[in-house]
Amino acid sequence: MLAIIGGTGLSQLANLDVPRQQVVRTPYGEPSGPLTFGSIRGAPVVFLPRHGYGHTIPPHQVNYRANLWALKEQGASAVVSVASVGGIRGDLGPGKIVIPHQIIDYTWGRMNTFFEDEAPVQHIDFTEPYGADLRARLLAAAKACGEEIVDGAVYAAMQGPRLESAAEINRLERDGADIVGMTGMPEAALAREIDLDYAAIAVVVNHAAGRGASARGISLKEIEDVLEAAMHRVRNIIEVLAAP
């Protein structure tokens, strides 16, 4: 079963048929909300809004472990994460939809592993943080529904909830980052730990601080406008992806 984790701008999956909600308990506490089960073109899908149904949970307080554990426990085998990001690379302006291929983690203080109190110590290979097959399916789905998409970007995962300074974005660019967000980690690593195929759809909603239209500041109103238009395109991609 395909699972969708919705980020800012995607707190509901409107194209789910016959939706029903289920509260799930986990050994790691409460997920961000009840899981919403339904189908898309006859294929079962489960949806969870990362920030809660009222968008009340900030990035650094999301219970990433509970979210992924709940999805796995309820039968999900693959997870597509939808997230809004800022564009660092010059060609990644507002409205671009990106399928990242790499990630750099700048977060701190988050519960970032299931492997606590393990003997012996457990390690995972994280050379390629996103599932190659699921990424390929996302790219194929976008092509099939005629949605323009960017194949590949390095995602910088920042702590949040504040946006970055222009100097911080300069640093991220020197580090090789192309886009910047707040929720990519530890989500991707936790999915790998419990063998959930995982890939991300990143929607560029603004130029990162100090870049382009954000040279002197970031307009939150403009972000809302971009999100509203872009999430319709994301739903189109997910619908094709989920179809049997």
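The structure reproduced in this document is the subject of the present report.

What counts as what
- Residues numbered from 1 in each chain as written.
- Predicted model: local features only at pLDDT ≥ 70, side-chain atom pairs only at ≥ 80, totals over all residues.
- Heavy atoms only, no water.
- Core = buried A, V, L, I, M, F, W, Y, C linked by side-chain atoms within 4.5 Å.
- Buried < 20%, exposed > 50% of the residue type's maximum accessible area, 1.4 Å probe, protein only.
- Contact = heavy atoms within 4.5 Å.
- Helix = DSSP H or I, 4+ residues; strand = E, 2+ residues; numbered from the N terminus.
- Pairing = 2+ DSSP bridges.

What to know about the nonpolar core
Now for step 1: One finds Leu35, Leu68, Leu71, Val79 and Ile179 to be the most contacted residues of the largest nonpolar core, which totals 37 residues.
Now for step 2: If we skip the residues at most four places from it in the chain, Leu35 touches Arg20, Gln21, Gln22, Val24, Val46, Phe47, Leu48, Tyr53, Ala70, Leu71 and Gln74.

Structural notes on the pairing of strand E3 (residues 35–40)
Now for step 1: Buried residues dominate E3, accounting for 6 of its 6 residues.
Now for step 2: Across the two faces of E3 the burial is the same, with Leu35, Phe37 and Ser39 and Thr36, Gly38 and Ile40 all buried.
Now for step 3: Across 4 bridges, strand E2 (residues 17–22) lies against E3 in antiparallel orientation. In the sheet register, Asp17 faces E3, and the bridge partner there is Ser39.

Some thoughts on the pairing of strand E4 (residues 43–49)
Now for step 1: Here E4 lies mainly inside the structure; 6 of its 7 residues are buried.
Now for step 2: Examined bridge by bridge, strand E1 (residues 2–6) and E4 share 5 bridges and lie parallel to one another. Pairing of Leu2 across the sheet is with Val45, part of E4.
Now for step 3: Looking at chain direction, E3 and E4 are connected through 5 bridges and run antiparallel. Within E4, the position partnered with Ile40 by the bridge is Ala43.

Some details on the environment of His123
Now for step 1: Relative to the elements of secondary structure, His123 occurs in the loop between strand E7 (102–105) and helix H2 (132–144).
Now for step 2: What makes His123 exposed here is its relative accessible area of 71%.
Now for step 3: His123 sits 10 residues away from Thr113 along the chain, and the two C-alpha atoms are 10.0 Å apart.

Geometric descriptors of this kind do not, in isolation, establish any biological role.
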